[in-house]
Amino acid sequence: MFDSLSLTRIPADDEALRQPVRAFLDEALKDVPPEVRARSWGGFDASFSRALGARGWIGLTLPKEYGGGGRSLYARFVLVEELLRAGAPVAAHWFADRQSAPHILKFGTPAQAQFYLPRICRGEAFFCIGMSEPGSGSDLASVRTRATRNDNGWRLDGQKIWTTNAHRSNYMIALVRTSGDAGSRQKGLSQVIVDLSLPGITIRPITDLTGDAHFCEVFFDGVQLGDDALIGAEGDGWNQVTSELAYERSGPERIYSSVVLLDEWLAYLRTQRAPSERSLALAGRVLSLSAVLRSLSVSVNGRLAEGHSPVVEAALVKDLGTTLEQFIPEAIADALGDDPDAALPDGLARTLQYVSQIAPAFSLRGGTREVLRGMIARGLGLR
Amino acid sequence: MDNEFGDAFGQLLADRCTPEVVRRIERGESAEPLWRDLVESGFVDALVPEAQGGAGLSLHEVLPLVQACGYHALPVPFAETMAARAVLARAGRRWPVGAVTLDAIGDALPAEERRALHAALTTAQIAGAAARVLEMSIAHAQQRSQFGKPIGSFQAVQHQLSVMAEQACAARMAAQLSFASAGHLPDHTLAAMGKCVAGEAAAVIAAGSHAVHGAIGITAEFDLQLYTRRLLAWRVQAGSPSHWAMQVARQWWGGTHDRAIDFTLERLGAAQF
């Protein structure tokens, strides 16, 4: 059962990327407070993304002919791990780097690749992922947004929601219906690339419970797309989206969302002469779980690197990972209550508050815990 | 991580260490015939250097053997004897004939290293038993019908099994880290982390399997208990999850790492496989 997930070594060449990335990030982020860095891959900073692009750290795995780095998925794992560790504001290029660019490379035409990929690598083309709709959350196959063929290409009508960074992105890869109706389910779905500057598109950010505005409502009202908007084969959208989700779910961002808080807390413990046994035991437990999860995450990455599509394994590691991510703020909050008279450093208090409030999202975004457990059950032969 | 040694040894245990044999030995019948079969197989000297008549394997190569002990609920201390012989051989000492526990090591190894070795052996057996219990639970959920359909078709049951699969996977990786050594002893921190995680997983898997099996799983007659009793014992044996969490924390405290990932990466860097 899942015997494919074995201890996997990151090649030394790829591991060597860690030091230059770390040196750059230590300098770039030295004045950024922890509660801001805790936004992790939710933090948006276009100029920071362009600075990474200038160093060749966007599209690391893409072919050099398209402006990419021509490196392996292991190199990207190291890069991403360092970005997350530092709490770098990577949201602007994150989705293009993680899934849109590999997706265009895999399913797009050479012309599409030539058009989009070099700009993605330079940090000049930001992407968002148009999947959820008001009536289609976990039940993604019920999407209603429709692209209809016309003389000029496609006419797009409908609505997406919870689209992260739509208001700050240049393009959306949207899952839309090109034939049938919502009852047709997986059949008749396709993916189109939408230039978000086109007429007929309205984007409204939605403020989250922490006060941030990252996800959006996006309305399409008779948007005219060109012939070349279709990515991949018409009607093959569901298969394409499924393969995209293996990339979306397998990365280290599914185990490190609370790592800035963890580091702030560990630093706070270090300021004490003798932390309580309970706090130390918690630290040891979290460090142990992190080591095992990180090993599992590298191993899923290895499966991807070998050309497999480890959809079930990725779901399994994501569910374990988000459970740890959610455990960390809960347990730290409790451990800090050991001494009701202790004055917490402001940075730690604000970071704990932010991560505690946003933590429920960890097991919603990228597929809910319940959806993932259903996928694992299918992998076990139960569905 | 699977290898030919593991396959051959697993087959041997499947033949000779059946649930019926496990029960007989637990009832007090002699384990001697089973032990003789194991000794004749030669696997018990797997970690002894070749120059001293062993197979000269490293710890990471014998992981499948120790997992198989857990998978088959082997009721004799094969893994402990194998490890004790490895230590005594390298100390230039003779080892006792027959099955021994790690106590046989005596002062040939510092107490701290012996505890880590014991923890690693226990973690690998947890991983083996976890895989067995998960397989049994899935099979039961597919076969047992209520309300006119297999209970495995109910979402609540599916999700319990998914959680068990996650924990079995974590225990398996914990075992791989614990055994990631080119020598005959584990890295202390990796063994500590492994036992902390596997010990917790053992409890989740045992409880989940009983929830899925219902009343039949509680009976002496049904085989599930052979593995879940061991899972719960192994959770405590060689140090509880909290004990090993404290060991990991002390190592972190004694170091200079500012960030959790730096500590984790440094310790994972000790893995040899």
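This is a predicted model, so every value here is computed, not measured.

1. Notes on the overall build of chain A
- In terms of regular secondary structure, chain A is built from 13 helices and eight strands.
- What you see for chain A is a C-alpha radius of gyration of 21 Å, in line with the 21 Å of a compact globule of 383 residues.
- Dimensions along the principal axes, computed over C-alpha positions, put chain A at roughly 75 × 45 × 40 Å.
- Counting all 383 residues of chain A, 54% fall into the buried class.
- Partitioning the intrachain contacts of chain A with sequence separation of at least 6 by distance along the chain shows that 76% fall at a separation of at least 24.

2. Observations regarding the overall build of chain B
- Of regular secondary structure, chain B possesses 11 helices and two strands.
- The secondary structure elements of chain B, listed N-terminal to C-terminal, are α-α-α-α-α-α-β-β-α-α-α-α-α.
- Since a compact globule built from 273 residues should have a radius of gyration of about 19 Å, the 19 Å found for chain B is in line with a globular shape.
- Judged by the C-alpha coordinates and their principal axes, chain B covers about 65 × 55 × 30 Å.
- Here chain B, with 273 residues, has 55% of them falling under the buried criterion.
- Of all intrachain contacts in chain B linking residues separated by at least 6 positions in sequence, the fraction that spans at least 24 positions is 72%.

3. A short note on unusual backbone geometry
- The phi dihedral of Trp-162 of chain A falls on the positive side, at around 60 degrees, and the residue is not glycine.
- Looking at Trp-162 of chain A, the number of C-beta atoms within 10 Å reads 20, which means it is buried.
- Notably, Phe-147 of chain B is not glycine yet its phi reads approximately 55 degrees, a positive angle.
- The class for Phe-147 of chain B is exposed, based on 8 C-beta atoms found within 10 Å.

4. Focus on the domain arrangement of chain B
Residue and element names in this part refer to chain B.
- Annotation of chain B at the domain level lists domain 1 (4–108) and domain 2 (130–268).
- Averaged C-alpha coordinates put domain 1 and domain 2 at centres separated by 23 Å.
- Along the lines of polarity and charge, the residues of the side of domain 1 that touches domain 2 split into nine nonpolar, three polar and one charged.

5. Describing the domain arrangement of chain A
All names here are of chain A.
- Assigned domains of chain A: these are domain 1 (12–125), domain 2 (129–237) and domain 3 (251–379).
- The C-alpha centroid of domain 2 is placed 25 Å from the C-alpha centroid of domain 1.
- In this complex, domain 1 contributes 13 residues to the contact, which on the side of domain 2 involves 10 residues.
- Going through the elements one at a time, helix H6 (91–107) and helix H7 (110–121) are the ones with two or more residues in the side of domain 1 that touches domain 2.
- Looking at the side of domain 1 that touches domain 2 element by element, the count peaks at seven residues for H6.
- Split by residue class, the side of domain 1 that touches domain 2 holds eight nonpolar, five polar and no charged.

6. Digging into the interface of chain A and chain B
- Facing 37 residues of chain A, the contacting portion of chain B comprises 44 residues.
- When residues of the side of chain A that touches chain B are traced back to their parent elements, those giving at least two are helix H9 (259–270), helix H10 (277–305), helix H11 (311–336) and helix H13 (369–379) of chain A.
- Residue composition of the side of chain A that touches chain B, by class: 22 nonpolar, seven polar and eight charged.

7. Observations concerning the nonpolar core
- Ranked by internal contacts, the top residues of the largest apolar core, which has 215 residues, are Val-192, Val-194 and Val-292 of chain A together with Ala-130 and Ile-205 of chain B.
- With 15 residues, helix H6 (residues 111–143) of chain B is the single largest residue contributor to this core.
- Discounting chain neighbours no more than four positions away, the residues touching Ala-130 of chain B are Gln-167, Ala-168, Ala-171, Ala-201, Ala-202, Ile-205 and Leu-231 of chain B.

8. Here's the deal with the packing of helix H8 (residues 188–213) of chain B against helix H10 (residues 241–254) of chain B
Residue and element names in this part refer to chain B.
- Closest axis-to-axis distance for the H8/H10 pair is 8 Å, and the angle between their directions is 145 degrees. The crossing of H8 and H10 is left-handed. Where H8 approaches H10, its residues Thr-189, Ala-192, Met-193, Lys-195, Cys-196, Gly-199 and Glu-200 are matched on the opposing element by Pro-241, Trp-244, Ala-245, Gln-247, Val-248 and Gln-251.
- Of the residues in the contact of H8 with H10, the class split is seven nonpolar, four polar and two charged.

9. A look at the confidence of the model for chain B
- The pLDDT averaged across chain B works out to 96; a share of 99% of its residues lies at or above 70.
- For this predicted complex, the interface score ipTM comes out at 0.97, while the overall pTM is 0.96.

10. Examining the environment of Pro-340 of chain A
- With respect to the helices and strands, the residue Pro-340 of chain A is situated in the loop between H11 and helix H12 (346–358).
- Taking the C-alpha atoms as reference, Pro-340 of chain A lies 57 Å from Leu-156 of chain A; in sequence the two are 184 residues apart.

11. Comments concerning the pairing of strand E1 (residues 127–130) of chain A
Residues and elements named next belong to chain A.
- Burial of the side chains of E1 extends over both faces: Phe-127 and Ile-129 are buried on one face and Cys-128 and Gly-130 on the other.
- Two strands pair when backbone bridges link them, and E1 and strand E4 (residues 171–177) are joined in this way by four bridges, in the parallel orientation. Pairing of Ile-129 across the sheet is with Ile-173, part of E4.

12. Observations concerning H7 of chain A
Residues and elements named next belong to chain A.
- A rise of 1.5 Å per residue sets the reference length of H7, with its 12 residues, at 16 Å; its end C-alpha atoms lie 16 Å apart and thus fit the reference within 8%.
- Those residues of H7 that fall on the buried side of the exposure criterion are Tyr-116, Leu-117, Ile-120 and Cys-121. Buried residues of H7 fall within an arc of 125 degrees about the axis and therefore sit on the same side.
- Backbone geometry just after H7 places Gly-123 at a positive phi near 75 degrees.

13. Describing the pairing of strand E3 (residues 153–164) of chain A
Residues and elements named next belong to chain A.
- Bridge count between strand E2 (residues 146–150) and E3: five bridges; the pairing is antiparallel. Looking at E3, one finds that Thr-148 is bridged to Arg-155.
- Count of turn residues in the E2/E3 antiparallel hairpin: two residues.
- Two strands pair when backbone bridges link them, and E3 and strand E7 (residues 213–225) are joined in this way by nine bridges, in the antiparallel orientation. By the bridge assignment, Trp-154 is partnered in E7 with Leu-225.

14. Quick word on the environment of Gln-225 of chain B
Residue and element names in this part refer to chain B.
- By the secondary structure assignment, Gln-225 is in helix H9 (residues 224–236).
- For Gln-225, a count of 18 C-beta atoms within 10 Å puts it in the partly exposed group.
- For the pair formed by Gln-225 and Ala-206, sequence separation is 19 residues and the distance between their alpha carbons is 9.1 Å.

15. Observations concerning H9 of chain B
Residues and elements named next belong to chain B.
- The end-to-end C-alpha separation of H9 is 19 Å, in line with the 18 Å expected for 13 residues at 1.5 Å each.
- In the core, the buried residues of H9 are packed alongside H6 and H8.
- Directly after H9, the chain includes Ala-238, whose backbone phi takes a positive value near 65 degrees.

16. A closer look at the environment of Val-292 of chain A
- Residue placement: Val-292 of chain A occurs in helix H10.
- Taking the number of C-beta atoms within 10 Å as the measure of exposure, Val-292 of chain A has 30 and is therefore buried.
- In this structure, the C-alpha to C-alpha distance between Val-292 of chain A and Leu-7 of chain A, residues 285 residues apart in sequence, is 9.7 Å.
- Apart from the residues lying within four places of it in its own chain, the contact partners of Val-292 of chain A are Ala-170, Met-173, Ala-174, Leu-177, Met-193 and Val-197 of chain B.

Cut-offs and rules
- Residues numbered from 1 in each chain as written.
- Chains lettered and ligands numbered in written order.
- Predicted model: local features only at pLDDT ≥ 70, side-chain atom pairs only at ≥ 80, totals over all residues.
- Helix = DSSP H or I, 4+ residues; strand = E, 2+ residues; numbered from the N terminus.
- Rg over C-alpha atoms; globule rule 2.2 N^0.38 Å.
- Buried ≥ 20, exposed ≤ 12 C-beta atoms within 10 Å, placed from the backbone.
- Contact = placed C-beta atoms within 7 Å.
- Domains from an automatic or database assignment.
- Nonpolar A, V, L, I, M, F, W, Y, C, P; charged D, E, K, R; others polar.
- Core = buried A, V, L, I, M, F, W, Y, C linked by C-beta atoms within 7 Å.
- Axes fitted to C-alpha atoms, helices over the stretch in contact; angles between N-to-C directions.
- Left-handed = near helix turned anticlockwise from the far one by under 90°.
- pLDDT = per-residue confidence, 0-100.
- Pairing = 2+ DSSP bridges.
- Expected span 1.5 Å × (residues − 1).
- Arc of directions from axis to C-beta.

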